[in-house]
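Given next are the chains, with one letter for each unit.
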Amino acid sequence: MACSSFLCFAFTAVLMASCLSAPAAGDKEQEQLLRRATALSFGEGYTQLFGDSNLALHGGGKRVHISLDERTGAGFASRDAYLHGFFSARIKLPADHTAGVVVAFYMSNGDVYERTHDELDFEFLGNVRGREWRVQTNVYGNGSTAAGREERYGLWFDPTEDLHQYAIRWSSDRIIFYVDETPIREVVRTESMGAQFPSKPMSLYATIWDGSSWATSGGRYKVDYKYAPYVAEFTDLTLRGCATTGDTPACPDGGGAAAMSPAQRSAMEAFWARYMTYGYCYDRLRYPAPLPECRVGAEAAAFLPSGNAKASSRRRGGRRHRPRGGADSAL
């Protein structure tokens, strides 16, 4: 992420709330993009990867349920690979005790480039009962998993109660992640990133799987299958980009370069200030010298050396349950 100074730390609580309650509503370019993007049925654009009967189609293939139980998880992928574009889905996550459960909505070319793959992730990390899901975004380019660029956030709603839109906009010069049209992260291509900026065609994936070894408090809390099956719902699956053959794109930027209006940037900065719970640019244990694209300022005081936000500096979203202790015992 190109970490600009967090101007939002000077915002008032009223301004932050207004930015998030009306996410980029006045941004005409973003609205036009969403209107042009067409949701495909499962049969039109996707294929099942694994999970046999743990993938179920509803509404003529417009809604997809993938589930995790003792036998297996499930997953599907786009039939084509794309170089740049806009990719989104409306997702509803499993409720109740979901520790260890991982739902992922992401782009990757790991099946083609084993050692030099690119990846753009939304990873939804389950939690113990009474604690909210966490959302993690990852950016990997040219196999740069060792230089992970992870960020983790809470949300201002309960993602298990209703469907919400999650989107990735990827162009040749930047990547923007959105939640319900609010941009939550921007990664700007810089010379210092070099090949670590994703630049090869990728397919779109959705999976649910058992991440007991790491997903909740570093593996402290495992999947409890007495609550299974865990079902994630996907709908309004949107692919708007350049379908490719090999490394040859049909067009260079998937229909236009990514950009943000001033109102969208303010909303993103407000989101960072209120809901970011981990930032790789603040992880001094992992990166004693921040990665070159990081621009760390006074806002770093809100983060521990581990990169985790100090408990007192972030308000929880989701179900609004209050922790019984001090710092989080789960993510």
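Residues numbered from 1 in each chain as written. Predicted model: local features only at pLDDT ≥ 70, side-chain atom pairs only at ≥ 80, totals over all residues. Heavy atoms only, no water.

Enquirer: When you look at the sheet that holds strand S4 (residues 74-78) in this model, what are you seeing that I'm missing?
Expert: Strand pairing in a sheet relies on backbone hydrogen bonds, with the paired strands running either antiparallel or parallel. Across the sheet, which stays open at both edges, the nine strands sit in the order S1-S4-S13-S6-S7-S8-S9-S15-S16 with antiparallel pairing between neighbours. Each edge of the open sheet is held by one strand with a lone partner, namely strand S1 (46-50) and strand S16 (306-308). On average, each strand axis in the sheet is tilted by 20° relative to the strand beside it, whichever way the strands run. Where strand S7 (residues 119-125) meets strand S8 (residues 134-140), seven bridges bridge the pair, whose relative direction is antiparallel. Among the inter-strand pairings, phenylalanine 124 is bridged to a residue of S8, identified as valine 135. Along the sheet face, helix H4 (residues 262-275) touches strand S9 (151-153) and strand S15 (276-283) and points at about 100° away from the line of S15. (Pairing = 2+ DSSP bridges. Helix = DSSP H or I, 4+ residues; strand = E, 2+ residues; numbered from the N terminus. Axes fitted to C-alpha atoms, helices over the stretch in contact; angles between N-to-C directions. Contact = heavy atoms within 4.5 Å.)

Enquirer: When you look at the UniProt feature "active site" (unreviewed entry) in the protein in this model, what are you seeing that I'm missing?
Expert: With numbering aligned to this structure, UniProt lists the feature "active site" (unreviewed entry) at Glu119 and Glu123. Position of glutamate 119 among the secondary structure elements: in strand S7. With sequence-adjacent residues up to four places away left out, glutamate 119 is seen in contact with Tyr106, Met107, Ser108, Asn138, Val139, Tyr140, Pro198 and Met202. Within the structure, glutamate 119 has its side chain in polar contact with the side chain of histidine 117 (distance 3.0 Å). Checked against the element boundaries, glutamate 123 lands in strand S7. (UniProt positions renumbered as here; feature names shortened; annotations may be inferred. Polar contact = N/O pair within 3.5 Å; in protein donor to acceptor, adjacent residues only side chain to side chain.)

Enquirer: Even after reading the chapter, I still don't get the packing of aromatic side chains, so can you show me in this structure?
Expert: Across all of its chains, the model carries 19 aromatic pairs by this definition. With a centroid separation of 5.0 Å and an interplanar angle of 10°, the aromatic rings of tyrosine 106 and tyrosine 205 are classed as stacked. Taken together, the residues span a long stretch of sequence, with tyrosine 106 in strand S6 (residues 101-108) and tyrosine 205 in strand S13 (residues 203-210) at a distance of 99 residues. Of the two residues, tyrosine 106 and tyrosine 205, neither departs from the other in class, the shared state being buried. Ring geometry for phenylalanine 122 and phenylalanine 124: centres 6.0 Å apart, planes at 5°, overall stacked. Taken as a pair, phenylalanine 122 and phenylalanine 124 share a single burial class, namely buried. An aromatic cluster of three or more residues is present, and its members are Phe42, Tyr46, Phe76, Phe105 and Phe234. (Phe/Tyr/Trp six-rings, centres within 6.5 Å; stacked < 30°, edge-to-face > 60°. Buried < 20%, exposed > 50% of the residue type's maximum accessible area, 1.4 Å probe, protein only.)

Enquirer: Whenever I open this one, the sheet that holds strand S2 (residues 55-58) confuses me. Can you help?
Expert: The seven strands are arranged S2-S3-S14-S5-S10-S11-S12 in an open sheet whose pairing can be described as antiparallel. Strand pairing shows two members of the sheet lacking a second neighbour, S2 and strand S12 (182-188), which therefore form its edges. On average, adjacent strands in this sheet sit at an angle of 20° to one another, irrespective of strand direction. Two strands pair when backbone bridges link them, and strand S5 (residues 82-92) and strand S10 (residues 164-170) are joined in this way by seven bridges, in the antiparallel orientation.

Enquirer: I'm lost on the environment of glycine 126 in this one. Help?
Expert: The topology assignment puts glycine 126 in the loop between S7 and S8. When residues no more than four places from it in sequence are discounted, the contact partners of glycine 126 are Thr98, Ala99, Gly100, Val101, Trp133 and Thr216.

Enquirer: Sorry, what's going on with the pattern of salt bridges here?
Expert: Any two side chains of opposite charge can pair, on the condition that their charged atoms come close. Counted by the stated rule, this structure contains twelve salt bridges. A salt bridge links arginine 129 to aspartate 96; its shortest N-O distance comes to 2.8 Å. Of the two residues, arginine 129 is situated in the loop between S7 and S8 and aspartate 96 in the loop between S5 and S6; the sequence distance between them amounts to 33 residues. Here the salt bridges share partners, and the residues they tie into one network are Asp173, Arg174, Glu186 and Arg265. (Salt bridge = Lys/Arg side-chain N within 4 Å of Asp/Glu carboxyl O.)

Enquirer: How should the pairing of strand S11 (residues 174-179) be read in this particular structure?
Expert: The two faces of the sheet receive side chains in turn, since in a regular strand these alternate between them. Buried residues dominate S11, accounting for six of its six residues. Of the two faces of S11, both are covered, the one formed by Arg174, Ile176 and Tyr178 as well as the one formed by Ile175, Phe177 and Val179. One ladder, built from five bridges, connects S10 with S11; its direction is antiparallel. Residue pairing across strands places arginine 169 opposite isoleucine 176, the latter belonging to S11. The turn joining S10 and S11, which pair antiparallel and follow one another in sequence, is formed by three residues. Of the strand pairs in this sheet, S11 and S12 are connected by six bridges, and their pairing is antiparallel. Bridge pairing in S12 links isoleucine 176 to glutamate 186. Joining the antiparallel neighbours S11 and S12 is a turn of two residues, in which aspartate 180 adopts a positive phi near 50°.

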